[in-house]
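If you want the building blocks of each chain, they are given just below.
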Amino acid sequence: MTGLPAVTTEGSAGAASRYTVDWHAIEWRRVTQTVRRLQVRIVKATQAGKWNKVKALQHLLTHSFSGKALAVRRVTENQGKRTPGVDGITWDRPKQKAEVIGKLRHRGYHALPLRRVYIAKDNGRRRGLGIPTMFDRAMQALYLLALDPIAETTADPNSYGFRTQRAPADAIEQCFTLLAKKHSPQWILKGDIRAAFDQLSHEWLLAHIPMERHILSQWLKAGYLEQHRLHPTEAGTPQGGICSPVLLNMALDGLEARLRTAFPRQVGNGQKQGCPTVNGIRFADDILITGATKAQLEHDVKPMVETFLRERGLELSPEKTVVRSIAESADFLGQNLRKYHGKLLIKPAMKSIKAFLRKVRSVIKANKSAAAGSLICLLNPLIRGWALYHRHVISAKVFQSVDHAIFQARWRWAQRRQSNKGVRWVKPRYFTTVGTRRWVFSGEVRGPAGQRQAVQLFKKVFFNSGFPS
């Protein structure tokens, strides 16, 4: 039997199919519903503390046709779908994808080594990435479907990195909630974990992560290939792995509970309540903790955080961990937090502004001979992404100054291209008027059918509130 859709190849719980499946005949809506139904049951069992039931439901999900199909779909439709591992294999044909569904099995699974690549960091150093093979990525995606419901259920309330329906803007909003009031804490500990993905303890993960130990051990101990040499991995999780962000979050969960236990507030009758001054906010490996005094953060909070991290094989970065008053300002997630005469203002950080402008100028300089339309297509994603990231804070004046800097860069680009022409000739060639907007950088590109299409540089109109329209 061939070409069977998902509805005819799985039972009520989504049991794995023994037949060859036509990839295009899979009913993805039903597959997604089956996985979601099992994930909801895992969440309810986790909340009730029924860990034997959780384990049974995880087994059911990881052995189901729906779970395997959804895992293969994820790794073949994300941004890394064309990036192979050490075996050089990618799945770009429907027949390949359908065949892999039946091969995702627990029994006999052995992970291949990671392919080592490096990317440049802002400080000039290089960050090593480990890229698993497509098959190992599919296995990680499959078991992540069963692990993610537990991670979301047991996560810290103020953990925002690598989580569903959470973003840096939520973490910044929580910062405002904790620091904006008159009687809010005035000191903060800004911490960064040194090489969190590379130093995470394997022993701690194998002892505390609720999933198949054999599968997890295969991922952690796979090693990596660099210059045709196999290097063992004694610690850390691969930064190119799908499951790594969830493993890091689960390792760092529990910090808020330890803070609440260690720093309770004494009220009049001697009862203990949650402390209003010591609060934690975390986005992946970036930590911000509020405190009443500098001494409290340096002598009480920081040693406790270091002990918590040491249990997991981690440590704070000395050069990136600081304790300072909110009146002196601090940067967190690309935003600058500072109280001006008792009023908290959150703006885009100067470091983020300079890095963004440096990137924009480098793109413009690298495309001196490109057409205006092609340059606009390169700049628009950068400008749009940066503006949408910072639109939730007080950013109107910053946006205006950044827009002026970008205008100067593109005007120099236009003059350089037409060095023998005057301003009155250059201006109408590259800049047009659209409605009430003047000096709109415009150009043309060829569409999918070969027709010419007009494009304009991304720009927002700012209101007094600081939010772009």
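Further up the page is the structure itself.
Because the structure is a prediction, the values reported are computed rather than measured. (Residues numbered from 1 in each chain as written. Predicted model: local features only at pLDDT ≥ 70, side-chain atom pairs only at ≥ 80, totals over all residues. Heavy atoms only, no water.)

(A) Representation of the sheet that holds strand 5 (residues 229-231) in the model. If you walk across this open sheet you meet the four strands as 2-1-4-5, and the pairing is mixed. In the strand order of this sheet, the two ends are held by strand 2 (126-131) and strand 5, each with one partner. Here the strands of the sheet are splayed against their neighbours by 45° on average, with no regard to which way each runs. Sheet topology places strand 1 (residues 114-120) next to strand 4 (residues 224-226); two bridges connect them, and they run parallel. Of the residues in strand 4, the one forming a bridge with leucine 114 is tyrosine 224. (Pairing = 2+ DSSP bridges. Helix = DSSP H or I, 4+ residues; strand = E, 2+ residues; numbered from the N terminus. Axes fitted to C-alpha atoms, helices over the stretch in contact; angles between N-to-C directions.)

(B) Summary view of the pairing of strand 10 (residues 322-325). Across the two faces of strand 10 the burial differs, with Val323 and Ser325 buried and Val322 and Arg324 not buried at all. Sheet topology places strand 3 (residues 187-192) next to strand 10; four bridges connect them, and they run antiparallel. Counterpart to isoleucine 188 in the pairing with strand 10 is arginine 324. (Buried < 20%, exposed > 50% of the residue type's maximum accessible area, 1.4 Å probe, protein only.)

(C) Structural view of the nonpolar core. Membership of the largest hydrophobic core comes to 75 residues, with the highest contact counts inside it found for Leu205, Ile209, Leu216, Trp219, Ile289 and Val301. Here this core takes twelve residues from helix 5 (residues 134-154), the largest share from any one element. In this view, tryptophan 219 contacts Tyr109, Ala111, Met139, Gln140, Tyr143, Met211 and Cys243; residues no more than four positions away in its chain are not counted. Among the nonpolar cores identified, the runner-up in size contains 30 residues, and Val363, Ile376, Val402 and Ala409 belong to it. (Core = buried A, V, L, I, M, F, W, Y, C linked by side-chain atoms within 4.5 Å. Contact = heavy atoms within 4.5 Å.)

(D) Geometry of helix 1 (residues 28-48). Helix length check: helix 1 (21 residues) gives 30 Å between terminal C-alpha atoms against 30 Å at 1.5 Å per residue, within 8%. Listed as buried for helix 1 are Trp28, Val31, Thr34, Val35, Leu38, Gln39, Ile42, Ala45 and Thr46. One face of helix 1 carries all of its buried residues, which in axial projection span an arc of 130°. Away from the buried face of helix 1 by more than 90 degrees, exposed residues Arg29, Arg36, Lys44 and Gln47 are located. Where helix 1 terminates, the next one or two residues include glycine 49, which has phi positive at roughly 75°. (Expected span 1.5 Å × (residues − 1). Arc of directions from axis to C-beta.)

(E) Up close: the side chain of aspartate 156. Residue placement: aspartate 156 occurs in the loop between helix 5 and helix 6 (168-179). Within the local environment of aspartate 156, its side chain forms a polar contact with the backbone nitrogen of glycine 254, the two atoms lying 2.9 Å apart. Polar side-chain contacts of aspartate 156 include one of 3.5 Å to the backbone nitrogen of leucine 255. Residues within four places of aspartate 156 in sequence aside, it is in contact with Arg163, Arg166, Leu252, Asp253, Gly254, Leu255 and Glu256. (Polar contact = N/O pair within 3.5 Å; in protein donor to acceptor, adjacent residues only side chain to side chain.)

(F) The pattern of salt bridges, seen in detail. A complete count under the given rule lists eight salt bridges for this structure. The salt bridge involving glutamate 315 is made with arginine 194; its shortest N-O contact spans 3.0 Å. Of the two residues, glutamate 315 is situated in the loop between helix 12 (294-310) and strand 10 and arginine 194 in the loop between strand 3 and helix 7 (196-199); the sequence distance between them amounts to 121 residues. A relative accessible area of 35% means that arginine 194 is categorised as partly exposed. Of the charged contacts, one joins arginine 312 and glutamate 311 as a salt bridge, the two residues approaching to 3.2 Å between their closest N and O atoms. A residue is classified by how much of its surface remains accessible, and arginine 312, at 7% relative accessible area, is buried. Here glutamate 311 falls in the partly exposed class, since its relative accessible area comes to 40%. One salt-bridge network, held together by shared partners, links Arg258, Glu311 and Arg312. (Salt bridge = Lys/Arg side-chain N within 4 Å of Asp/Glu carboxyl O.)

(G) Quick look at a nonpolar patch on the surface. On the surface, a cluster of nonpolar side chains totalling about 300 Å² of accessible area is made up of Val86, Leu112, Leu225 and Leu230. Among the structural elements, leucine 225 can be located in strand 4. Given the relative accessible area of 31%, leucine 225 is considered partly exposed. (Patch = residues over 30% accessible without salt bridge, like charges linked within 9 Å, V, L, I, M, F, W, Y side chains within 5 Å. Areas by Shrake-Rupley, 256 points an atom, 1.4 Å probe, with all protein chains shown as cover.)

Keep in mind that these numbers describe shape and distance, not what the molecule does.
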